Amino acid sequence: MLELNNLNAGYGPIQAVAGLSLKVAQGEIVTLLGSNGAGKSTTLRSISGLLKQKTGSIVFEGKELLKLPPEKIISRGISQVPEGRRIFGRLTVEENLDVGAYLVRDKAVIRERKEKAFELFPRLAERRRQKGGTLSGGEQQMLAIARALMQAPRLLLLDEPSMGLAPLLVEAIFDIIRQLNSGGTTILLVEQNARMALKVAHRGYVLANGRLTMEGPAAELARNPEVQKAYLGG
Amino acid sequence: MDTLLLLLPQVLFDGLLLGFVYAMIALGYTMVYGVLELINFAHSEIFMIGSVVGIEVFRSLTGYVPNPYILLVVAVILGGLISGLTAVGVERLAYRPLRKRGTKNRLVPLITAFGVSFVLQDLVKLLEGLWHNEFFLSMKNVGELEQSVTLFGIFIQYKSFILIGVSLVMLGALTWLVGRTRLGLAIRSVAQDPSTAGLMGIDPEKIISRTFLIGGALGGVAGVLFALQYTTVSPYVGFLPGIKAFTAAVLGGIGNIPGAVVGGLVLGEIETLAGTFLPVLTGGAFGTEYKDVLAFLILILLLLFRPQGLLGQIVKEKV
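So, how was this worked out
- Residues numbered from 1 in each chain as written.
- Chains lettered and ligands numbered in written order.
- Predicted model: local features only at pLDDT ≥ 70, side-chain atom pairs only at ≥ 80, totals over all residues.
- Heavy atoms only, no water.
- Helix = DSSP H or I, 4+ residues; strand = E, 2+ residues; numbered from the N terminus.
- Rg over C-alpha atoms; globule rule 2.2 N^0.38 Å.
- Buried < 20%, exposed > 50% of the residue type's maximum accessible area, 1.4 Å probe, protein only.
- Areas by Shrake-Rupley, 256 points an atom, 1.4 Å probe, with all protein chains shown as cover.
- Lys, Arg positive; Asp, Glu negative; His and termini not counted.
- Charge placed at Lys NZ, Arg CZ, Asp CG, Glu CD.
- Salt bridge = Lys/Arg side-chain N within 4 Å of Asp/Glu carboxyl O.
- Pairing = 2+ DSSP bridges.
- Contact = heavy atoms within 4.5 Å.
- Axes fitted to C-alpha atoms, helices over the stretch in contact; angles between N-to-C directions.
- Buried area = accessible area lost by both parts, 1.4 Å probe.

**As for the overall build of chain B**
So, step 1. On a plain count of helices and strands, chain B comes out with eleven helices and four strands.
So, step 2. Over its C-alpha atoms chain B spans a radius of gyration of 20 Å, differing by no more than 12% from the 20 Å that the globule rule assigns to 319 residues.
So, step 3. Reported as C-alpha extents along the three principal axes, the dimensions of chain B are approximately 60 × 50 × 35 Å.
So, step 4. Per-residue burial over chain B gives 52% buried out of 319 residues.
So, step 5. Summed over all atoms, the accessible surface of chain B reaches about 14,500 Å², with 70% contributed by carbon and sulfur.
So, step 6. One way to put it: in chain B the 21 positive side-chain charges average out to a point 12 Å from where the 19 negative ones average out.

Spelled out as structure tokens, the structure:
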């Protein structure tokens, strides 16, 4: 479904990702692991188009995305939940969802998807008229995910969805990820919390200093002594 | 003192007229600031172009279309359109190339705005020079619109009703557009976070351009109404109302749409009250011309003590 070939990406003189190739197949949850600055977020930002300084190829459903701006990439069926949630704090919860559905022209479809989002996240339904900025961190994360789902993406990019959340909320977010995946959404997940990520993912890639160091089924990676030492706390 | 009180309703009404003009111009400043964090000082000239278009419509079409109301509609539409498109052109030619280069220095677009201002002033001066060989342009007699009524001791010309009416309609339309439509939602999200708006499928460049169009059109309509009310304009007429409207936008809280309206009305009233009462209350020590000083004194005090403006709030955002 998604295929990265020899992706190089960076910021100014800094090369954050070098020669990265990876694949995500339809229906999978794939996770990108690595320490801070390994190039995980850069990879996601390259796919979604937020990062422009890049070479190589990014092919989604047979079409090249490398040169497209973010607003075109989302229309191909890829949504990103950005790092740090980036919800619109001065818009209400409901307006945030409306922005998420910006490319959906059919009002009935928007309404239907909003209802689905509120079913998935009842907390958001209670706060639909509240400004996004007044939500707690966990609620904001739910809103960021719900917003990304409004466009009914076939591939969902999740950047650090568990960051800064209490353990109980982390569990809840990973439950949602599983639920979305069994509903047919393919997921590419970037996580610092490698333990949780490997539990939910089918396959994983490990990055260090912008390069691929390991790849394989999630269960295998979780057993790998090197991975255990570096990312699972021994 | 009794005469002063008798004057008060008239002064308040005149302040209201000026206030609506300021409010409409201030909206252009505040909307562009909202999406770009740029004080588009060339907006004064967008307003000036509207005022010149207004006068030209009345003076070139009066012979063919004697009905002043039809002329007014034509002037408002043309003024709004030409000013709006000029604003879009300015954004395209002057500001967008700077963004494309990734200029981080905020002074660069600001100074560009001043440059654009000079260019537009001189362009209009050139065109008017070639066309009529005139610098000051005066409104033709607008017939019926000059007529007046006296209500509650206030002398009101028909054209003043029109100024207030058109302003209210425009403000209402803008509130609806920004608050209730898909475009408005896009404008608000680009104002908060352009790159995340891009992730939602919004093309921020397109929205920025639309914002210039809307702000420019409001400024242009304000120009037409200004020309109708105050009758004489010139290529440099934009400067003072423009900078007052900027003050109004800051007064209300820059980036805040209701704030721009409140700021405009407050400033219009303060200025008119000061212009009338300062000379009397100070025994002539301060003349009417000090009203401008007062407007900018407010700006300075505001920046010192309440930089977020009357309605603005320091936005807390959780990360």
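**Let's talk about the pattern of salt bridges**
So, step 1. Counted by the stated rule, this structure contains 22 salt bridges over all chains.
So, step 2. In this structure, Glu61 of chain A engages Arg154 of chain A in a salt bridge whose closest nitrogen and oxygen atoms are separated by 2.7 Å. Taken together, the residues Glu61 of chain A in the loop between β4 (54-60) and β5 (63-64) and Arg154 of chain A in the loop between α6 (137-149) and β7 (155-159) connect sequence positions 93 residues apart.
So, step 3. When its relative accessible area of 37% is taken as the criterion, Glu61 of chain A is described as partly exposed.
So, step 4. In this structure Arg154 of chain A comes out as partly exposed when scored by relative accessible area, which is 38%.
So, step 5. One salt bridge in this structure joins Arg59 of chain B and Glu134 of chain B, with 3.2 Å as the shortest N-O distance. Here Glu134 of chain B lies in the loop between α4 (107-132) and β1 (137-138) and Arg59 of chain B lies in helix α2 (residues 43-61), a separation of 75 residues in the sequence.
So, step 6. The exposure class assigned to Glu134 of chain B is partly exposed, which follows from its relative accessible area of 34%.
So, step 7. Each of Glu94, Asp98, Lys114, Arg128 and Arg129 of chain A takes part in a single network of salt bridges with overlapping partners.

**Describing the sheet that holds strand β2 (residues 14-24) of chain A**
Residue and element names in this part refer to chain A.
So, step 1. In space, the four strands of this open sheet follow the order β2-β1-β4-β5, with antiparallel pairing throughout. Of all the strands in the sheet, the pair left with one neighbour each is β2 and β5.
So, step 2. One ladder, built from seven bridges, connects strand β1 (residues 2-11) with β2; its direction is antiparallel. Bridging across to β2, Leu2 finds its partner in Val24.
So, step 3. Contacts from helix α1 (residues 40-48) reach β1, β2 and β4, with the element oriented near 110° to β1.

**What about the interface of chain B and chain A?**
So, step 1. Counting residues at the interface gives 24 residues for chain B, matched by 27 residues for chain A.
So, step 2. When the two sides are added together, the surface that chain B and chain A hide from each other amounts to roughly 2,300 Å², 58% of it contributed by carbon and sulfur.
So, step 3. Of all residues in chain B, the largest losses of buried area upon contact with chain A belong to Arg182, Leu199 and Met200 of chain B, amounting jointly to 32% of the total for that side.
So, step 4. At the boundary of chain B with chain A, the tally comes to two salt bridges.
So, step 5. Note that Arg188 of chain B is salt-bridged to Glu95 of chain A, the shortest N-O span being 3.0 Å.

**Remarks on the pairing of β1 of chain A**
Residues and elements named next belong to chain A.
So, step 1. Hairpin remark: β1 followed by β2, antiparallel, with two residues in the connecting loop; positive phi at Gly12, about 55°.
So, step 2. Note: β1 against β4, six bridges, orientation antiparallel. Across the sheet, Asn8 pairs through a bridge with Thr55, a residue of β4.

The values reported here are purely geometric and, on their own, carry no functional implication.
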